[in-house]
Amino acid sequence: MSKEKESVLAGFKAFLMRGNVIDLAVAVVIGAAFTNVVTSVVKGIINPVVGAFGTQDLNKYSSCLESPCRTNPAGDAIDGIPIMWGTVLSAVLTFVITAAVVYFLMVLPMSRFLARRARQQAAKEDVKEVMDVSELEVLKEIRDLLVAQRGPVPGKGQDRI
């Protein structure tokens, strides 16, 4: 193998081994699984609640842009131009529920945890700063006591004529 191919492969390996790529891959897999959960909640809970006021399947809500609208038994339009706003409403509800669950179960607790951790870190830094200041004061006092015990040093601290 040539050196150029080796360096390209080494670069590719380094790219794959970075934490960001692995984290992104895990997020995509978890997101796909989570989408199935949310879709099940929408189809199993939200759609029946909405169905109490009309049809249970939101995808069946539609309006006709050009009359008459007729569909075959499979639901395909034969005549007219149907506007399938129920499908859009279902997708919007799925998105809003997904966003709410992600925010309230993942983002909000994580931000609270990080804020608490930052406060604890700041408190530790404040204690360390107080310790540094008090340590410095103690060292100054020791120096002053040693200078006082020794007495004045000849040639220092006295005015020369």
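Sequence order as written defines the numbering, with residues in each chain counted from 1. In keeping with the predicted nature of the model, local features appear solely for residues at pLDDT of at least 70, side-chain atom pairs appear and are counted solely at 80 or more, and the whole-chain, interface and lining totals rest on all residues. By convention in this description, side-chain values take in all heavy atoms of the structure and omit both hydrogens and water.

### Digging into the overall build of the protein chain
Inference 1: Scanning the protein chain from N- to C-terminus turns up 3 helices and 2 strands.
Inference 2: In DSSP terms, a helix is any run of H or I states spanning at least four residues, a strand is any run of E spanning at least two, and both are numbered starting from the N terminus. Counted from the first residue to the last, the protein chain has its helices and strands arranged as α-α-β-β-α.
Inference 3: Residue exposure (1.4 Å probe, protein chains only): buried if accessible area is under 20% of the type maximum, exposed if over 50%, otherwise partly exposed. Considering the protein chain as a whole, with its 161 residues, one finds that 7% of them fall into the buried category.
Inference 4: Taking the intrachain contacts of the protein chain between residues at least 6 apart in sequence as the baseline, contacts between residues at least 24 apart amount to 36%.
Inference 5: Of the roughly 13,500 Å² that the protein chain leaves accessible, carbon and sulfur atoms contribute 65%. Residue contacts follow a heavy-atom distance rule, with two residues in contact if any of their heavy atoms lie within 4.5 Å. Calculation of accessible area relied on Shrake-Rupley with a 1.4 Å probe; when residues are assessed, cover is drawn exclusively from the protein chains displayed.

### A look at the packing of aromatic side chains
Inference 1: Here a pair means two rings of Phe, Tyr or Trp (six-membered ring of Trp) with centres within 6.5 Å. Their orientation is stacked below 30 degrees between planes, edge-to-face above 60, and tilted elsewhere. By the definition in use, this model includes 1 aromatic pair.
Inference 2: Relative to phenylalanine 104, the ring of tyrosine 103 has its centre 5.1 Å away and its plane inclined at 80 degrees; by these criteria the two rings are edge-to-face.
Inference 3: Residue class for phenylalanine 104 comes out exposed when judged on its relative accessible area of 53%.

### Examining the confidence of the model for the protein chain
Inference 1: Residue-level confidence of the predictor is summarised by pLDDT, bounded by 0 at the bottom and 100 at the top. Averaged over every residue, the pLDDT of the protein chain is 78; the share at 70 or more is 85%.
Inference 2: Ranking the elements of the protein chain by mean pLDDT puts strand β2 (residues 77-83) last with 76 and helix α3 (residues 85-150) first with 83.

### So, a nonpolar patch on the surface
Inference 1: The grouping of Val37, Val41, Ile45, Val49 and Phe53 at the surface amounts to a nonpolar patch, some 500 Å² of accessible area in total.
Inference 2: Relative to the helices and strands, valine 41 resides in helix α2 (residues 19-51).
Inference 3: Note on valine 41: relative accessible area 32%, which makes it partly exposed. Patch membership requires over 30% relative accessible area and the absence of a salt bridge. Like charges are linked within 9 Å, and nonpolar side chains (Val, Leu, Ile, Met, Phe, Trp, Tyr) within 5 Å. Put simply, a salt bridge is a Lys or Arg side-chain nitrogen that is within 4 Å of an Asp or Glu carboxyl oxygen.

### Let's talk about the environment of tyrosine 103
Inference 1: Note that tyrosine 103 resides in helix α3.
Inference 2: Look past the residues within four positions of tyrosine 103 in its chain and what remains in contact with it is Leu108 and Pro109.

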